[in-house]
Amino acid sequence: MSAEQGPGGREGALRQRIAEALAAPLSPSLRDTLLAEVAAWQAVVNPVFARLCKARRARFDAGPEGWPAVPTDLFRMARISVHPVPVPGERVFHTSGTTSGVRGAHALADLSLYDLAAETAARAQLFPSGPMRLAMLAAHPDEVPDSSLSYMLGRFEAWFGVRTDWCWRGGALDVEALIAALEGAVDAGAPLALLGTSFAFVHALDALDGRRWSLPAGSFAMPTGGFKGRTREVEPAALHAGLVQTLGVHAVKGEYGMTELCSQMYEHGGVLWVPPWMRATPVDPDSLRPVPDGDAGLLRLDDLANLESAVSIQTADLARRTERGLVLLGRAPGASPRGCSLAVEEALG
Amino acid sequence: MSGEAFTDAHERLVARAVEGGRALRQASSERLVAALAQAAARLADPTSGPGAALREWIPERAGLHPANVERTLQDALAVLAEPPLRAALRGFERAHHGRPTTPARLACFVLAGNVYTAALRPLAWALLCRVPVVLKPASADAGLTELFALALAEADPELAEAVGVVRFGRDEAAVLEGLASRADVVHAWGSDRTMVEVRAKLPASTAFVSHGHGLGLAYVPRAALSGLESAERVADALALDVALYDQRGCLSPHAVLVEGGGELSPVDFAALLSERSLAALAREMPRGPMPLSVGAMQVQWRGIGAVRGELFEGDGWGVTFEGLHPIRLSPGYRNVAVHEISGPAALAMRCAPFGGHLKALGIAAPLEVRWSVASGLPASLCPRLCEVGHMQRPGLLSAGDGDAPWAGLSRVFDVD
């Protein structure tokens, strides 16, 4: 490990500064300055990002559009890391897969920034009132250790769970566990957070077969992931309506995250909340420059917490900036389907 | 004409075409050739009614720049001039060595895909084989087929009765089934999924000729890069193959396999292709608007290419140099990869995985080299081998998917 990498080197110093930035109010200009500093460093120590920067003639003194974002497909084809060779003990998260069957990988030797970003965002957006009952519609991290979603939900259990029921076991929905979690919350008059993949929620609605609950105030559902390329596709609005009708939750807060990122965003009322340490920018596919407000573009994400891989990620998701804020438009038709929901369906065979 | 059911109107369309077949079967070759050539000339003439209408409609509906439409239109119509039509008939007759043939009673052509001129060659062959036809144009065909039918009616109203044009959606299975069940032969173009769907709807006695998913590749032997002037000619020709129809057709090259060891290295050829040839075409014939869904693929494709090797890009085109990496499918819209290979044997190995999906192989070499390359291809491959610069311009006699262009239209019989 050189002076650049590792806790005692430049990486450690940057990690410390990013952690401080995540924990305190962060202005957009300071965020962009830090992003540029991290990107410039990654262009030296991350060989894949370095090649991309060379091809696209990156500049780090002209704002985030001055350097390229790493396309998400590259995570399927190369190791995107500031540690070109695996570090002992690193955790590798894998994407759910695509039609090609090749899964992307995101290796992290130090999960402290991931944890800090996940906890800070979730505390602000999901759990402002503190810990509550949790029902997970995703596999436990012990069962799927390479799933970033499962890892995050495992951390949520530790940070925000007063009682947690894991309702997806052995690759299938545990309906009895889910019903017990729902009835337990109703009986105790305690709010319940249901967290999991969109596809698992669809299976849950099917399995509950018309039964209805009215969960206590403060209960909410947090679906994540899309359906593209799956055998069953449900419009988000229809899923949200089904969750409200069947479970009686008071809010549906969609999570927008991906294996290639260390931070998460949350969707409320169709508008995406972006944490202050991230930038979310719809860009033109030819120029890769931001599109005018109101136009649809491909979502570029800059995430300060992505210290170990690539600070800027180019997704194939469509978004539009409106007066209300950033609106997600879903995956561009024809782009490789991806998302955590795929793992669930694969498990179902 | 639309609707989910096979209606009386569809029935009448079929009956009229079949009835039109009588005159068609009795027509002399000269009459057929003259009618087709006159119709093509009408469309080629921008001052004619149908010619002007075409040029007004197609650029926007097909998503192509007017200069691209003009070029592709003229290329597609050029093969319907009298000399190539006569040559096609001679080729057809030679292929049967004087054995008696009989035309199918009715053909059904189902086109789908991105090339708006795709219907012209099959339509011409149906008429040359004296087979009445009902034809569903591709959605990308912004009215060219209907205008050709109109121009044909102006040239020879009696023969034009044998052509019925009908549009319907892919979900209107009853219409397709109704048409196909009345035909002796069905030709279908489009995705592999479309092929499976169409085939499943056919009666056992109906012949089916499938033209499924496909792509093109190009091969540049070392000798073609023996000097800068030669390399520039090759790059210009290849750029044209990429730019015509904005690389959306099944003959469009997705990758160029360049033999190393020439005076110009494969990576330098990639730079030349981008910075000289595609840049020039972007000025003369700019790319049409790109759907955002393709843009999403382009961003990923170019990013991977940049990391695999080198990326050369401009406003409306991109070239990657990907060395020895496996070939990837390009998103089209003027994005092409250059790979390095060691020679013809490596070419065959690189092409083999594409099987029957490889529909065109452009080669920057004279005819004798193209024959030599053809003889070295694995048995599963049957692309059209042509000189670079001509990949998008198949002649009337060009085979498609390993079949003669008249496959199924004409049947040989014996009297023993």
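Whatever comes next refers back to the structure up there.
Bear in mind that the values here come from a model prediction, so they are computed numbers and not experimental data.

Details of the sheet that holds strand S11 (residues 335-341) of chain B
Across a sheet, paired strands are connected by hydrogen bonds in the backbone, their directions being either parallel or antiparallel. Residues and elements named next belong to chain B. Here seven strands make up an open sheet; going across it, the order is S9-S10-S11-S8-S7-S12-S13 and the pairing mixed. The sheet is open, and its two edges are formed by strand S9 (310-314) and strand S13 (384-387), each paired on a single side. This sheet shows a mean twist of 20° between the axes of neighbouring strands, independent of strand direction. Both strand S7 (residues 215-220) and strand S8 (residues 253-259) contribute to a ladder of five bridges, which runs parallel. Paired with glycine 216 across the strands is proline 253, a residue of S8. Those strands touched by helix H14 (residues 344-351) are S7, S8, S11 and strand S12 (358-363), and its axis lies near 135° from that of S11.

What to know about the environment of arginine 279 of chain A
Residue and element names in this part refer to chain A. Tracing the chain through its elements places arginine 279 in strand S13 (residues 278-283). Separated by 244 residues in the primary sequence, arginine 279 and leucine 35 have C-alpha atoms spaced 9.6 Å apart. Filtering out sequence-adjacent residues up to four positions away, arginine 279 remains in contact with Arg31, Asp32, Leu35, Pro64, Glu65, Val274, Arg300, Leu301 and Asp302. Among the polar contacts listed, one links the side chain of arginine 279 to the side chain of glutamate 65, at a separation of 3.4 Å.

A closer look at the pattern of salt bridges
Residues and elements named next belong to chain A. Scanning all chains against the criterion turns up 44 salt bridges over all chains. Arginine 163 is the salt-bridge partner of aspartate 165, the closest N and O atoms lying 3.1 Å from each other. With a relative accessible area of 16%, aspartate 165 lands in the buried category. Put simply, Arg31, Asp32, Glu65, Arg279, Arg300 and Asp302 are held in one network by salt bridges that share partners.

Focus on the interface of chain B and chain A
With 20 residues of chain B in contact, the opposing surface of chain A contributes 25 residues. Buried area between chain B and chain A, summed over both chains or domains, comes out near 1,900 Å², and the portion from carbon and sulfur atoms is 62%. Among the residues of chain B in contact with chain A, Leu292, Gln300 and Val307 of chain B are the three that bury the most area, contributing 34% of the side total. Across the chain B-chain A interface, the total number found is three salt bridges. Note that lysine 54 of chain A and glutamate 310 of chain B form a salt bridge whose closest N and O atoms lie 3.9 Å from each other. Seen at the junction of chain B and chain A, the total is nine residue pairs in polar contact (both at pLDDT 80 or more). Going through the elements one at a time, helix H13 (292-308) and S9 of chain B are the ones with two or more residues in the side of chain B that touches chain A. When residues of the side of chain B that touches chain A are assigned to their parent elements, the largest contribution, 14 residues, is made by H13 of chain B. Counted by class, the side of chain B that touches chain A contains nine nonpolar, six polar and five charged residues.

Notes on empty space enclosed by the protein
Residue and element names in this part refer to chain A. Using the criterion set out here, one finds six cavities of 30 Å³ or more in the structure. If you add up the space inside the largest cavity, you get close to 90 Å³. Considering the residues around the largest cavity, the lining is formed by 13 residues, among which Ser148, Leu149, Glu255, Gly257 and Met258 are closest to the centre. Examining the composition of the lining of the largest cavity, we find that three residues originate from one element, helix H6 (residues 148-160), more than from any other. For the lining of the largest cavity, the per-class residue count stands at six nonpolar, six polar and one charged.

Points about the packing of helix H8 (residues 198-208) of chain A against helix H9 (residues 236-247) of chain A
Residues and elements named next belong to chain A. Where H8 meets H9, the axes come as close as 11 Å, and the angle between the chain directions of the two elements is 45°. Taken together, the axis directions place H8 and H9 in an arrangement best described as oblique. Pair H8 / H9 crosses with left-handed handedness. The segment H8 lies against H9, with Ser198, Phe201, Val202, Leu205 and Leu208 engaging Leu239, Gly242, Leu243, Thr246 and Leu247. Taken together, the residues of the contact of H8 with H9 sort by class into seven nonpolar, three polar and no charged.

Considerations on the pairing of strand S10 (residues 317-321) of chain B
Counting buried residues in S10 of chain B gives five out of five residues, a clear majority hidden from the surface. Between S9 of chain B and the antiparallel strand that follows it, S10 of chain B, lie two residues; glycine 316 of chain B among them carries a positive phi value of about 110°.

Remarks on the packing of aromatic side chains
Given two aromatic rings, one states the distance between the centres and the angle between the planes to describe the pair. Counted under the stated rule, the structure contains 16 aromatic pairs over all chains. Their ring planes at 45° and their centres at 6.0 Å tell us that phenylalanine 93 of chain A and tyrosine 114 of chain A sit as a pair that is tilted. Remark: tyrosine 114 of chain A occurs in helix H5 (residues 112-125) and phenylalanine 93 of chain A occurs in strand S2 (residues 91-94); sequence separation between them is 21 residues. Note on tyrosine 114 of chain A: relative accessible area 3%, which makes it buried. Centre to centre, the rings of phenylalanine 127 of chain A and phenylalanine 156 of chain A are 5.8 Å apart; their planes meet at 80°, and the pair counts as edge-to-face. Within this pair, whereas phenylalanine 127 of chain A is found in the loop between H5 and strand S4 (132-139), its partner phenylalanine 156 of chain A is found in helix H6, the two being separated by 29 residues in sequence. Exposure class is identical for phenylalanine 127 of chain A and phenylalanine 156 of chain A. Each is buried. In this structure an aromatic cluster arises from ring pairing among Phe127, Phe156, Trp159, Phe160 and Phe220 of chain A. The ring of phenylalanine 220 of chain A carries lysine 253 of chain A above its face, with NZ or CZ at 4.5 Å from the centroid. We note arginine 61 of chain B situated over the ring of tryptophan 57 of chain B; from NZ or CZ to the ring centre the distance is 4.7 Å.

Definitions and limits used
- Residues numbered from 1 in each chain as written.
- Chains lettered and ligands numbered in written order.
- Predicted model: local features only at pLDDT ≥ 70, side-chain atom pairs only at ≥ 80, totals over all residues.
- Heavy atoms only, no water.
- Pairing = 2+ DSSP bridges.
- Helix = DSSP H or I, 4+ residues; strand = E, 2+ residues; numbered from the N terminus.
- Axes fitted to C-alpha atoms, helices over the stretch in contact; angles between N-to-C directions.
- Contact = heavy atoms within 4.5 Å.
- Polar contact = N/O pair within 3.5 Å; in protein donor to acceptor, adjacent residues only side chain to side chain.
- Salt bridge = Lys/Arg side-chain N within 4 Å of Asp/Glu carboxyl O.
- Buried < 20%, exposed > 50% of the residue type's maximum accessible area, 1.4 Å probe, protein only.
- Buried area = accessible area lost by both parts, 1.4 Å probe.
- Nonpolar A, V, L, I, M, F, W, Y, C, P; charged D, E, K, R; others polar.
- 1 Å grid on protein atoms, 1.4 Å probe; cavity = no way out; pocket = protein on both sides within 12 Å on 5 of 7 lines; lining within 4 Å.
- Points joined across faces, edges and corners; volume = space filled by probe spheres on them.
- Parallel < 35°, antiparallel > 145°, perpendicular 65-115°, else oblique.
- Left-handed = near helix turned anticlockwise from the far one by under 90°.
- Phe/Tyr/Trp six-rings, centres within 6.5 Å; stacked < 30°, edge-to-face > 60°.
- Lys NZ or Arg CZ within 6 Å of the ring centre and 35° of its normal.

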